[in-house]
Amino acid sequence: MKFTLQHVLLLGCTCVISTYGPHQRAQMTGDILLGGLFPIHFGVTAKDQDLAARPQSTECVRYNFRGFRWLQAMIFAIDEINNSSVLLPNVTLGYRIFDTCNTVSKALEATLSFVAQNKIDSLNLDEFCNCTAHIPSTIAVVGASGSAVSTAVANLLGLFYIPQISYASSSRLLSNKKQYKSFMRTIPTDEYQATAMAHVIQHFRWNWVIAVASDDDYGRPGIEKFEKEMEERDICIDLNELISQYSEDHQIQALVDRIENSTAKVIVAFASGPDIEPLIKEMARRNITDRIWLASEAWSTSSLIARPEYLDVVAGTIGFALRAGHIPGFREFLQQVQPRKNHHNEFVREFWEETFNCYLEDSLRMQESENGSSADSSRPLCTGDEDVTSVETPYLDFNHLRVSYNVYVAVHSIAQALQDVLTCTPGRGLFANNSCADFKKMEAWQVLKQLRHLNYTNSMGERVRFHENAELMGNYTLINWQRSTEDASVVFQEVGFYSMQARKEAKLFIDKTKILWNGYSTELPFSNCSEDCEPGTRKGIIDSMPTCCFECTECSDGEYSEHKDASVCTKCPNNSWSHGNHTSCFLKEIEFLSWTEPFGIALAIFAVLGVALTAFVLGVFVRFRNTPIVKASNRELSYLLLFSLMCCFSSSLVFIGEPRDWTCRLRQPAFGVSFVLCISCILVKTNRVLLVFEAKIPTSLHRKWWGLNLQFLLVFLCTFVQVMICVVWLYNAPPASYRNHDIDEIIFITCKEGSMMALGFLIGYTCLLAAICFFVAFKSRKLPENFTEAKFITFSMLIFFIVWVSFVPAYFSTYGKFVSAVEVIAILSSSFGLLACIFSNKVYIILVKPCRNTIEEVRCCTAAHAFKVAAKATLKHGSASRRRSGSTGGGSSAASTPSSSIILKTNSNDHHHHHHHESTPAAARRGGGAGGGGGGHKPRVSFGSGTVTLSLSFEESRRNSLM
């Protein structure tokens, strides 16, 4: 039945079918016709039509063996389907295949033959057809190869919703389904290829490349996407040029000049073989062999470029090739081609002539040669029985079937869509009301609908399904162009792959050991604008230069870079610092005022020594507690004072060692309270002496007011104020340990005081008490109590002020452990000053000069002080009287001036001393002889008229004997 139907259609429509499309074609009638577009030639002759005569059709030139193999793959697939009893039984597929010559004009000329019958049917213009028989319309087209050609064809086929399945057009523009309604393809889009190319460049750490692209709908969108991918990866393009096989020679030469002068060694070529050939040819002429090519799938296996004469230029090329497939029986089919057998394929005759470089009988080219229009007239005649396998051509290169396999899949996809229509069950169809298409009256748009929902497993076990962009997902194989060890031919060595479906880190795999750069070298070429920056440096920007051109700048202190070509230096962690070469970080040394370091040991020794000395003094005072000096020093207050000094020395120890939260909260309050307790004791003690000796009316009120209990109460009140300051401080802003990372190579563990205002109040209050104490001690400096104790207290307060006034700037100008050291030194200095000034003289007398530790010595000091006070008061009073008498009576005699005498009474049972004044005439009459009595008489001091006589013979002799 198939045979009969074919002959009927062939006899009825031969005249009409031959009318449409180019003269040369491969065609066979059938129940359903498929169209095919293949580049049997690489281009057309560039003739300028002057229109002096009727325009002639342009001639196709440069035979493409691979294109003819792709055509054979379509015929093989159709024959396989027609001979199948499972796929489309009782249905014969026919075909009409044309040569596009890799040119849009030729492709459109052929496409018009596909849409002509559809156009006549739609416009009801049957009168334009001279045949009464039905002409089968083309329901699907396989092709074309180039994206620019497919774009033009898709615009025309889309008007009639004729499905078009391309086997090699990868332009991402064709993914626009609104513009190209019926376009589909069995090749992945360049969207993925551009990303894969950028990924490869990043993998080899190149950042300075040249980009070359075809000036068509394939090259321009591809290189545009590539540029975006490069920008995201901070890779720069030095040159970006568009080329074409029809470019003028001077344009190609200018482009090669720019490439030769560029420092970029990697050239990314997003172009077809015919477009890139003029550039390769010119570079081969100039012998520019130090460039690495990154080839897109359009020319990665092109026989037009993979020639021995170009191998010096293109050896080492990394190319992106489509996935390879296996077509059972295809090899034998290719080998069986013969001019006498293939009547349906008019391209076989030219293939035969090009393969064996001869002419067949009745050949059009032979006639042109005889007429002298052909440039080659030396070819012999062909017999037609030559052995195809004896000549090595790209036609028989079926080791890696890539585009041919895509053609095979495209034809089988159309056949499977037709099978789905043929086996459709009413109610489950894809059309209105779930209906099915009528296979006998099936139209192209129905096949398109069925193809969009295609989902099947082919004979190779692969899942075939067009996703939303009407294209098949696939992978790229990375190939390396290498020299054959046997001859000068090119070997495409597989070196890796790029998987679109894999996760990001596993998309690209390259076996670098298999790659030969420039055809012989295993060393990775350098294609960077600047030399790689070594570890420890970073890339610095150069003005007016791309970001890929940089200068290496050493990392700053505290930063590092451990890899080559680092964009930025990484900051070391807070606890680390960079080595001198800035390639890594080391842990900072942790420092604090440690117990084990010499400085800490020295301060601790001095603190312990201070505690020991204070304890020794306290022991001496306790041992000699009943001696006059200890009694005169107010024993109880002295004990408390010595205890507070021990606390002061001990508080300095809290500043030594690793600061922790509890030590930070303890040390300042301990220091502040200890010193306030100490200075409070000194203040109360000194003020008591001053009030006693300065009392004008010695009564029991003084003794009551300055009782022991009240003295301790005053000390407690003064200390309580400091305690409250510390409590408020610890409650509102407690100090805490703090790691100070501000110093380069050291981490200082210090105490963060929490509130500097609170610390200021604490020290300020202590200094305020010290100032009051200094004032009282200075006022009492001439009192005889405790052997000029007030003078030593005054001096100790001066030391205290000098130390703590110096402490403030020193505290704020130091850092780290030295802050604690400064405060410890201030505490120890002031504590040793107080201990030495107040108690050294007393301990010296008690231990070394015990003869001075007697009641007589105390009386002598007190008597001398009393005399001085009385003498000053009497002289002052006499001067005032003389001034008054001189102003009233003129020259009064000195005898009328009152006289005074002072009687000192000493109570041995009480160490408090009182004095009073007596003015009697008897005393005045006794004059200067009153003091010369025996030992049982009280010593007297008399003042005569105009002279002063002092008689303290006994007391002075006693003092001399004591001294």
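Being a predicted model, the structure only gives us computed values, none of them experimental. (Residues numbered from 1 in each chain as written. Predicted model: local features only at pLDDT ≥ 70, side-chain atom pairs only at ≥ 80, totals over all residues. Heavy atoms only, no water.)

(A) Representation of the overall build of the chain in the model. Helix and strand content of the chain: 26 helices and 31 strands. Split into buried and exposed, the 963 residues of the chain put 49% on the buried side. A separation threshold of at least 6 residues defines the contact pool for the chain, and within that pool the share at least 24 residues apart is 70%. When the accessible surface of the chain is totalled, it reaches about 46500 Å², and 55% of it is carbon and sulfur. (Helix = DSSP H or I, 4+ residues; strand = E, 2+ residues; numbered from the N terminus. Buried < 20%, exposed > 50% of the residue type's maximum accessible area, 1.4 Å probe, protein only. Contact = heavy atoms within 4.5 Å. Areas by Shrake-Rupley, 256 points an atom, 1.4 Å probe, with all protein chains shown as cover.)

(B) Fine view of helix α2 (residues 65-82). The end-to-end C-alpha distance of α2 is 26 Å, a good match for the 26 Å that 18 residues give at a rise of 1.5 Å each. Most of α2 sits inside the fold, with 16 of its 18 residues counted as buried. Its side-chain oxygen at 3.2 Å from the backbone nitrogen of R66, N64 defines the N-terminal cap of α2. (Expected span 1.5 Å × (residues − 1). Polar contact = N/O pair within 3.5 Å; in protein donor to acceptor, adjacent residues only side chain to side chain.)

(C) Just the sheet that holds strand β16 (residues 475-483), in detail. Ordered in space as β10-β9-β11-β12-β13-β16-β17-β18, the 8 strands form an open sheet in which the pairing is mixed. Two strands bound the open sheet, and with one partner strand each, they are β10 (236-243) and β18 (508-510). Each strand axis lies, on average, 25 degrees off the axis of its neighbour in the sheet, ignoring direction. Contacts from helix α6 (residues 219-232) reach β9 (208-214), β10 and β11 (266-270) within the one sheet, and its direction differs from that of β9 by about 160 degrees. (Pairing = 2+ DSSP bridges. Axes fitted to C-alpha atoms, helices over the stretch in contact; angles between N-to-C directions.)

(D) Quick look at the nonpolar core. With 107 residues, the main nonpolar core has F38, M74 and L418 as its most contacted residues. Per-element accounting of this core gives the leading share, 12 residues, to helix α13 (residues 403-422). Excluding anything up to four places from it in sequence, F38 contacts G67, W70, L71, M74, I97, F98, D99, T100, C101, V142, Y167 and V407. By size, the runner-up hydrophobic cluster in this structure holds 62 residues, among which are I629, L641, W729 and F800. (Core = buried A, V, L, I, M, F, W, Y, C linked by side-chain atoms within 4.5 Å.)

(E) Fine view of helix α4 (residues 147-157). Among the 11 residues in α4, 9 count as buried, and that is most of the element. When α4 is considered as a whole, its buried residues turn out to be S147, V149, S150, T151, A152, V153, A154, L156 and L157.

(F) Layout of the environment of V391. Mapped onto the elements, V391 comes out in the loop between α12 (364-370) and α13. Residue classification places V391 among the partly exposed positions, given a relative accessible area of 24%. Remark: the alpha-carbon pair of V391 and T355, spanning 36 residues in sequence, is separated by 7.2 Å. Those residues in contact with V391 that sit more than four places away from it in its chain are T355, F356 and L396.

(G) Focus on the pattern of salt bridges. Scanning the entire structure with this criterion turns up 22 salt bridges. Here R233 and E229 are joined by a salt bridge, their closest N and O atoms 2.6 Å apart. The residue R402 makes a salt bridge to E494 at a minimum N-O spacing of 3.8 Å. Taken together, the residues R402 in the loop between α12 and α13 and E494 in strand β17 (residues 490-499) connect sequence positions 92 residues apart. The exposure class assigned to E494 is partly exposed, which follows from its relative accessible area of 33%. Overlapping salt bridges, with partners in common, bring together D257, E260, E282, R285 and R286 in one network. (Salt bridge = Lys/Arg side-chain N within 4 Å of Asp/Glu carboxyl O.)

(H) Local environment of the packing of helix α7 (residues 249-261) against helix α8 (residues 273-286). It is the contact of α7 with α8, at a shortest axis distance of 10 Å, that shows an interaxial angle of 60 degrees. Viewed along their axes, α7 and α8 adopt a mutual orientation that is oblique. Considering only the axes of α7 and α8, their crossing is right-handed. Taking contact as the criterion, the partners of I252, Q253, L255, V256, D257, I259 and E260 in α7 are, on α8, P278, L279, E282, M283 and R286. In terms of residue class, the contact of α7 with α8 is made up of 7 nonpolar, 1 polar and 4 charged. (Parallel < 35°, antiparallel > 145°, perpendicular 65-115°, else oblique. Left-handed = near helix turned anticlockwise from the far one by under 90°. Nonpolar A, V, L, I, M, F, W, Y, C, P; charged D, E, K, R; others polar.)

(I) Region of interest: the pairing of strand β6 (residues 138-142). The buried count for β6 comes to 5 of 5 residues, which makes it a mostly enclosed element. Two strands pair when backbone bridges link them, and strand β2 (residues 32-38) and β6 are joined in this way by 4 bridges, in the parallel orientation. Paired with G35 across the bridge in β6 is V141. For β6 and strand β7 (residues 164-166), the ladder comprises 2 bridges, and the chain directions are parallel. Within β7, the residue paired with V142 across the bridge is I165. Taken together, β6, α4 and β7 form a β-α-β motif whose crossover is right-handed. (Right-handed = clockwise from strand over helix to strand, strands pointing away.)

(J) Geometry of the state of the cysteines. Within the structure shown, the criterion is met by 9 disulfides. Between the sulfur atoms of C236 and its disulfide mate C548 the distance is 2.1 Å. With the S-S dihedral at roughly 90 degrees, the linkage between C236 and C548 falls on the right-handed side. Linking C236 in strand β10 with C548 in the loop between β19 (537-541) and β20 (550-554), this pair joins segments that are 312 residues apart in sequence. Here C236 matches C548 in class, with each residue buried. Put simply, C555 and C569 are joined by a disulfide, and their sulfur atoms are 1.9 Å apart. Sign of the S-S torsion, about -80 degrees for the bond between C555 and C569, identifies this disulfide as left-handed. Of this pair, C555 sits in the loop between β20 and β21 (559-560) while C569 sits in the loop between β21 and β22 (570-571), placing them 14 residues apart in sequence. For C569, a relative accessible area of 11% puts it in the buried group. (Disulfide = S-S within 2.5 Å.)

(K) Quick peek at the environment of I201. With respect to the helices and strands, I201 occurs in helix α5 (residues 190-203). Between the C-alpha atoms of I201 and I235, which are 34 residues apart in sequence, the distance is 8.5 Å. The residues touching I201, leaving out its near neighbours within four places in the chain, are W206, V209, F226, M230, I235, V268 and L294.

(L) Examining the packing of aromatic side chains more closely. In the structure shown here, the tally under the stated rule is 26 aromatic pairs. Ring centres 4.4 Å apart and planes at 50 degrees place the aromatic pair F351 and Y395 in the tilted group. With F351 in helix α11 (residues 347-356) and Y395 in the loop between α12 and α13, the pair connects residues that are 44 residues apart, well separated along the chain. As far as burial versus exposure is concerned, F351 and Y395 are alike and both buried. Taken together, the ring pairs in this structure connect Y63, F65, F68, F351 and Y395 into an aromatic cluster. One residue, R623, lies across the ring of F624, its end atom 5.1 Å from the ring centre. (Phe/Tyr/Trp six-rings, centres within 6.5 Å; stacked < 30°, edge-to-face > 60°. Lys NZ or Arg CZ within 6 Å of the ring centre and 35° of its normal.)

(M) Representation of a negative patch on the surface within the structure. Among the surface-exposed residues, E392, D397, E486 and D487 lie close enough to one another that they form a single negatively charged patch. Tracing the backbone through its elements, the reader meets E486 in the loop between β16 and β17. (Patch = residues over 30% accessible without salt bridge, like charges linked within 9 Å, V, L, I, M, F, W, Y side chains within 5 Å. Lys, Arg positive; Asp, Glu negative; His and termini not counted. Charge placed at Lys NZ, Arg CZ, Asp CG, Glu CD.)

(N) Region of the structure containing the side chain of S674. Within the fold, S674 resides in helix α18 (residues 661-694). Among all residues touching S674, those that are not within four sequence positions of it are S644, C647 and C648.

(O) Representation of unusual backbone geometry within the structure. Here G143 and A144 are connected by a cis peptide whose omega angle stands at 0 degrees. Among the secondary structure elements, A144 is positioned in the loop between β6 and α4. The backbone phi angle of Y161 is positive, close to 55 degrees, even though this residue is not glycine. Checked against the element boundaries, Y161 lands in the loop between α4 and β7. Note on Y161: relative accessible area 38%, which makes it partly exposed. Within the chain, D234 stands out as a residue other than glycine whose phi angle is a positive 55 degrees. With respect to the helices and strands, the residue D234 is situated in the loop between α6 and β10.

(P) Representation of the packing of α2 against α13 within the structure. Contact geometry of α2 with α13 gives a least axis separation of 8 Å together with a crossing angle of 30 degrees. The pairing of α2 with α13 is recorded here as roughly parallel in orientation. Here α2 and α13 pass one another in a crossing that is right-handed. Judged by residue contacts, R66, R69, W70, A73, M74, F76, A77, I78, E80 and I81 of α2 engage V403, S404, V407, Y408, V411, H412 and A415 from α13. The residue makeup of the contact of α2 with α13, split by class, is 12 nonpolar, 2 polar and 3 charged.

(Q) Local environment of the pairing of β10. Here β9 runs beside β10; their pairing, made up of 7 bridges, is parallel. Residue V209 lies in a different strand from β10, and its bridge partner there is I237. Assessed by its sense of winding, the connection that carries the chain from β9 through α6 to β10 is right-handed.

Read these as spatial facts, not as claims about activity.
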